[in-house]
Every structure is written in C-alpha cells, then in structure tokens.
Amino acid sequence: MINKKIRNIEKTLLSDNYYVLNRVTFDYLMPNGCWVNQMREVYDRGDGAGILLYNKEKRTVILIKQFRMPTYLNDNEDGALIEIAAGMLDKDNPEACIIRETEEETGFRLKEVKKVYEGYSSPGVMTEKMHFFVGEYTDAMKVNQGGGLDSEAEDIEVIEIPFDRAVNMLHNGEIIDTRTIVLLQYAIIHKLIA
Ligand SMILES: Nc1nc2c(ncn2[C@@H]2O[C@H](COP(=O)(O)OP(=O)(O)O[C@H]3O[C@H](CO)[C@@H](O)[C@H](O)[C@@H]3O)[C@@H](O)[C@H]2O)c(=O)[nH]1
Ligand SMILES: [Mg+2]
C-alpha cells in the first residue's frame, strides 16, 4: 500500500460475527492541497472465484439457481438468483477453489479451467476481488448431483441450458447477477460457442 495522498488509516471493528466489518477512517489529500478526514465502512469476506461452464458440441452452459437473501431484500421478488457456480477462496488458490466449488455446486469434476478476468466486486464497500474462469464440461465429467453442501445448508439447483437461451435471459433481465453477466458477455465476445 503506497499512496502519499492517504495517511493516518485507523480501523475500528464493527462486527466479526461471521465475516469482518470495519469502520476505516483516513486522511485524504484533496487536489486543492487540503487534507480531509474520511470514513468508510469496509466489509471483508476474503476473495472469490466464479466460472462459466460450457459445452461447444451441445451448445449449452451450466448455471445454478439459489436463494440470495440480500437480493430478496432489494427488489428480487422471490430472492432466487441465476448465477455462475462460485465460491469464496478460503485458503485455496483461485484455481483450486473454483474446481472444488464447481464439483460441490454442479457435480462436474473439471481438470482444466481458464482464468479470464480478475476484478473487484463492489469496490466502494467490499475488499473482495473476484477471479473469473471459464471451463469446458462434458457429460462424462458429472460425478455427483451437485447442489451444494448439506453442512452449509446450501440448496442449489443446477441448470443446463442452451447458450442462446442464456443470452436471451441476459438481454431480457432474467439474469441479473453481475458476475454471470460478465462471463456470458465474455463468452459472446470470444465466441466460446460459435
Ligand atoms: N451462517 C452464516 N453462513 C454464511 C454467511 N455468509 C455465508 N455463509 C455460508 O458460507 C457459504 C458460502 O458459500 P460459497 O459458495 O463459498 O460462497 P458464495 O456465497 O457462493 O459466494 C460467491 O458469490 C458471492 C456473490 O454473492 C461472492 O461474493 C463470492 O466471492 C463468491 O463468488 C454459504 O453457503 C453459507 O453457508 C453468514 O453470514 N452466516
Ligand atoms: Mg457458491
């Protein structure tokens, strides 16, 4: 961390009930030469990884659907969200994490994945950096039903749909998760499914 326009960073813990929420105060040097004191609440849940699974021959993608409370509280009628498979890194590297999460959530055991982007999820609020992957799947890679971990009370529906249908859902507002939008757009731009 080197930025000469920032000094006196102080953190106060507001909650570490599950993940960590801090109040961070700091002095910021404005373009007019004045130092101003600023405050931000910053939520730290570590980093994450997500993946778009695709099959060129079948022209299909694998997505998941699960209940997301924060969206239920903000305009998502039944709280169900169609997403890419994704998870938090824990202590894994991003590649190992996404291979593990893919198997837990979708039931597909991947050997290879391709990293395509790295980006901050919500930079005004969260520290989280997301690692974005794509990966090819075949029916032979299905080793279990997926659905998430019972131990974490996950209830995940695995959805295999034609890529063209997923693109329609992107355009008609059925897909409203930004991570999923990013990777479907990547697939369109790079013609993953020609
Ligand atoms: N009790 C409790 N459990 C929690 C809480 N937050 C998360 N969990 C548990 O932690 C699990 C996290 O599952 P993952 O699959 O590792 O993470 P994710 O929620 O899918 O996260 C992915 O999507 C997020 C976007 O909403 C991303 O922020 C994240 O990086 C990742 O890509 C959840 O199933 C749930 O059991 C909480 O506040 N309380
Ligand atoms: Mg997940």
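Calculation rules
Residues numbered from 1 in each chain as written. Chains lettered and ligands numbered in written order. Predicted model: local features only at pLDDT ≥ 70, side-chain atom pairs only at ≥ 80, totals over all residues. UniProt positions renumbered as here; feature names shortened; annotations may be inferred. Helix = DSSP H or I, 4+ residues; strand = E, 2+ residues; numbered from the N terminus. Contact = placed C-beta atoms within 7 Å. Core = buried A, V, L, I, M, F, W, Y, C linked by C-beta atoms within 7 Å. Buried ≥ 20, exposed ≤ 12 C-beta atoms within 10 Å, placed from the backbone. Near = placed C-beta within 6 Å. Nonpolar A, V, L, I, M, F, W, Y, C, P; charged D, E, K, R; others polar. Domains from an automatic or database assignment. Pairing = 2+ DSSP bridges.

Caption draft 1: Layout of the UniProt feature "binding site: Mg(2+)" (unreviewed entry) in the chain. Sites flagged by UniProt as "binding site: Mg(2+)" (unreviewed entry) map to A86, E101, E105 and E154. These residues run over 69 residues, yet every pair of their C-alpha atoms falls within 12.6 Å of each other. Along the chain, the position of E105 falls in helix α2 (residues 94–106). Apart from the residues within four sequence positions on either side, E105 is in contact with I64, A85, G146, G148 and I156. Position of E154 relative to the elements: it lies in the loop between β9 (129–136) and β10 (157–162). Ignoring any residue separated from it by four or fewer positions in sequence, one finds E154 in contact with G148 and L149.

Caption draft 2: Here's a closer look at the nonpolar core. Residues I51, L52, L53, Y54 and V61 are the most contacted members of the largest nonpolar core, which totals 31 residues. Listed by contribution, the elements that provide at least two residues to this core are β4 (48–55), β5 (60–67), β7 (85–88), α2, β9, α3 (163–171) and α4 (178–189). The dominant element in this core, judged by the number of residues it contributes, is β4, at five residues.

Caption draft 3: Examining unusual backbone geometry more closely. One non-glycine residue, N8, adopts positive backbone phi at about 55°. Inspection of the secondary structure puts N8 in strand β1 (residues 6–15). Positive phi outside glycine occurs at K191, with the angle close to 50°. Checked against the element boundaries, K191 lands in the segment after α4.

Caption draft 4: Highlighting the site of ligand 1. In the vicinity of ligand 1, 13 residues are found, and the nearest of them are Y18, G48, A86, G87 and E152. Elements that contribute at least two residues to the shell around ligand 1 include exactly β4 and β7. Broken down by element, the shell around ligand 1 gets its largest block of residues, three residues, from β7. Looking at the shell around ligand 1 residue by residue, the classes come out as five nonpolar, four polar and four charged.

Caption draft 5: Structural view of the domain arrangement of the chain. According to the domain assignment, the chain contains domain 1 (6–44) and domain 2 (48–189). Averaged C-alpha coordinates put domain 1 and domain 2 at centres separated by 32 Å.

Caption draft 6: Structural view of the pairing of β4. The buried fraction of β4 is high, at seven of eight residues. Alignment of β4 against β7, held across four bridges, turns out to be antiparallel. Across the sheet, residue G48 finds its bridge partner in β7, namely M88. As paired elements, β4 and β5 share three bridges and run antiparallel to each other. Pairing of L53 across the sheet is with I62, part of β5.

Caption draft 7: Local environment of the environment of G50. Checked against the element boundaries, G50 lands in strand β4. The exposure class of G50 is buried, given the 26 C-beta atoms found within 10 Å. C-alpha separation for the pair G50 and E104, spaced 54 residues apart in sequence, amounts to 13 Å. Setting aside residues up to four positions removed in sequence, G50 forms contacts with I84, A85, A86, M130, F132, R179 and L183.

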